[in-house]
Amino acid sequence: MEYLMLLGGLAGLFFGGEALVRGSVGVAQRLSMSSLLIGLTVVGFGTSTPELLVSVNAALRGVPDIALGNVIGSNIANVLLIVGVSALVWPIAVSGGTLKRDTAVMMAAAIILVPVFALGQLGRSTGVVLFAALITYLVVAYRQSRNVPAGQGNAGLPGAAPNVWVSLAWVLGGLILLMFGARFLVDGAVTIARTFGMSEAFIGLTIVAVGTSLPELATSLIAALRKQSEIAIGNIVGSNIFNILGILGLTAVVAPIPVASRFLTFDLPILISVSLILTLLLRRAVIGRGVGVVMLAAYGGYVWMAQ
């Protein structure tokens, strides 16, 4: 039964995330947002909704290691697994200065977790500060986007909805699927972890993290196939920002999260390292297939060491 719950939860997260992104992009296009801003905000944050619901659900149900592992593991998977796979499908080409502001925010969000984790608990006040930082980032990103030609690159966006009402219906349906999927995924993952003696932190960092990253994977792959590099990479950078500032922030406000020592000494340093690597790679002209292979191999090594 627990395996059916796990599979059902993964399916709910995948299809719910796809529906949410489809509807959100349709609404965003009605507002004439640029393709890069859509990738960073609407798509990047929309595909992070599974992580939000899973982490809040896990924190409320008394499994903080899954709540925290889900966020940290998802960010690591976003860079090594999803960027790696996307680069294999089609080399990622993004102008070196395009994401300079956003990769800096992504790095800062990861680094700020060091003193937070060192305290041993992510409290409500810290959660408020993280979420306030996210709002500030959104406001700055929106204001600066006014300098980008409206609608640039929108024609190739995946899953554009025909009108605003259909888009809103997709959003609502996606949220419903995500809520049920999050509940089933957490219940199934906890049961399996306890049955086989695996730590809840490991389950959160791997199975749950990859499961909640399925919408990011689907979105980036579709964007890569359509040669929309800005959507593919903007989705990842935006999702990583939202995971830390938005998901950890809101989860901590709902229920303070105790931080196990392994997150500070092992997983967080890896997250900071891969975030730095992605930032440096985006200064290049293109992230090619060879780099993609190396990133996938690195992710396999991380999963093996995380046990």
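Described in the following lines is the structure provided in the data block. (Residues numbered from 1 in each chain as written. Predicted model: local features only at pLDDT ≥ 70, side-chain atom pairs only at ≥ 80, totals over all residues. Heavy atoms only, no water.)

So, the overall build of the protein
Line of reasoning, step 1. When helices and strands are tallied, the protein shows 13 helices and two strands.
Line of reasoning, step 2. With 307 residues in all, the protein has 55% of them scored as buried.
Line of reasoning, step 3. The long-range fraction of contacts in the protein, counting pairs at least 24 apart against all pairs at least 6 apart in sequence, stands at 88%.
Line of reasoning, step 4. On the protein, roughly 12200 Å² of surface is accessible, and the fraction owed to carbon and sulfur atoms is 70%. (Helix = DSSP H or I, 4+ residues; strand = E, 2+ residues; numbered from the N terminus. Buried < 20%, exposed > 50% of the residue type's maximum accessible area, 1.4 Å probe, protein only. Contact = heavy atoms within 4.5 Å. Areas by Shrake-Rupley, 256 points an atom, 1.4 Å probe, with all protein chains shown as cover.)

A few points about the pattern of salt bridges
Line of reasoning, step 1. Within the structure shown, the criterion is met by two salt bridges.
Line of reasoning, step 2. Asp-102 is the salt-bridge partner of Arg-101, the closest N and O atoms lying 2.7 Å from each other.
Line of reasoning, step 3. Two residues, Arg-262 and Asp-267, come together in a salt bridge whose shortest N-O distance is 2.8 Å.
Line of reasoning, step 4. Asp-267 gets classed as buried once you look at its relative accessible area, which sits at 0%. (Salt bridge = Lys/Arg side-chain N within 4 Å of Asp/Glu carboxyl O.)

Brief notes about the packing of helix α4 (residues 64–89) against helix α11 (residues 229–254)
Line of reasoning, step 1. Where α4 meets α11, the axes come as close as 10 Å, and the angle between the chain directions of the two elements is 170°. When the axes of α4 and α11 are compared, the pair comes out roughly antiparallel. Between α4 and α11, the contacting residues are Leu-68, Val-71, Ser-74, Asn-75, Asn-78, Val-79, Ile-82 and Val-83 on the first element and Ile-233, Ile-236, Ser-239, Asn-240, Asn-243, Ile-244, Ile-247 and Leu-248 on the second.
Line of reasoning, step 2. Residues that form the contact of α4 with α11 fall into these classes: 10 nonpolar, six polar and no charged. (Axes fitted to C-alpha atoms, helices over the stretch in contact; angles between N-to-C directions. Parallel < 35°, antiparallel > 145°, perpendicular 65-115°, else oblique. Nonpolar A, V, L, I, M, F, W, Y, C, P; charged D, E, K, R; others polar.)

What to know about the packing of helix α10 (residues 214–225) against α11
Line of reasoning, step 1. Contact pair α10 / α11: the axes reach a minimum separation of 8 Å and the direction vectors enclose 155°. By the angle between their directions, the pair α10 and α11 is classed as roughly antiparallel. Contact residues: α10 offers Glu-216, Thr-219, Ser-220, Ala-223 and Ala-224, while α11 offers Ile-231, Ala-232, Asn-235, Ile-236 and Ser-239.
Line of reasoning, step 2. Looking at the contact of α10 with α11 residue by residue, the class counts come to five nonpolar, four polar and one charged.

Topic: the nonpolar core
Line of reasoning, step 1. Counting 57 residues, the largest nonpolar core has Phe-117, Leu-278 and Ile-287 as the members making the most contacts within it.
Line of reasoning, step 2. At 11 residues, the largest contribution of residues to this core is made by α4.
Line of reasoning, step 3. Among residues more than four places away in sequence, those in contact with Phe-117 are Leu-68, Ile-72, Val-259, Phe-263, Leu-264 and Leu-268.
Line of reasoning, step 4. By size, the runner-up hydrophobic cluster in this structure holds 21 residues, among which are Ala-59, Val-63, Ile-66 and Ala-67. (Core = buried A, V, L, I, M, F, W, Y, C linked by side-chain atoms within 4.5 Å.)

Quick word on α11
Line of reasoning, step 1. When the terminal C-alpha atoms of α11 are compared, their 36 Å separation across 26 residues agrees well with the 38 Å that a helix rising 1.5 Å per residue should span.
Line of reasoning, step 2. The largest bend along α11 reaches roughly 35° and is located at Asn-243.
Line of reasoning, step 3. Summarising burial for α11: 22 of the 26 residues are buried, a large majority. (Expected span 1.5 Å × (residues − 1). Bend = angle between axes of the 7 residues up to and from the residue.)

Structural notes on the packing of aromatic side chains
Line of reasoning, step 1. Across all of its chains, the model carries two aromatic pairs by this definition.
Line of reasoning, step 2. For the pair Phe-266 and Tyr-302, a centre-to-centre distance of 6.0 Å together with 10° between the ring planes defines the contact as stacked. Here Phe-266, found in helix α12 (residues 261–281), pairs with Tyr-302, found in helix α13 (residues 289–306); they are 36 residues apart in sequence, far enough to count as distant.
Line of reasoning, step 3. Under the relative-accessibility criterion, Tyr-302 is labelled buried at 2%.
Line of reasoning, step 4. Of the aromatic side chains, those joined through ring pairs into one cluster are Phe-266, Tyr-299 and Tyr-302. (Phe/Tyr/Trp six-rings, centres within 6.5 Å; stacked < 30°, edge-to-face > 60°.)

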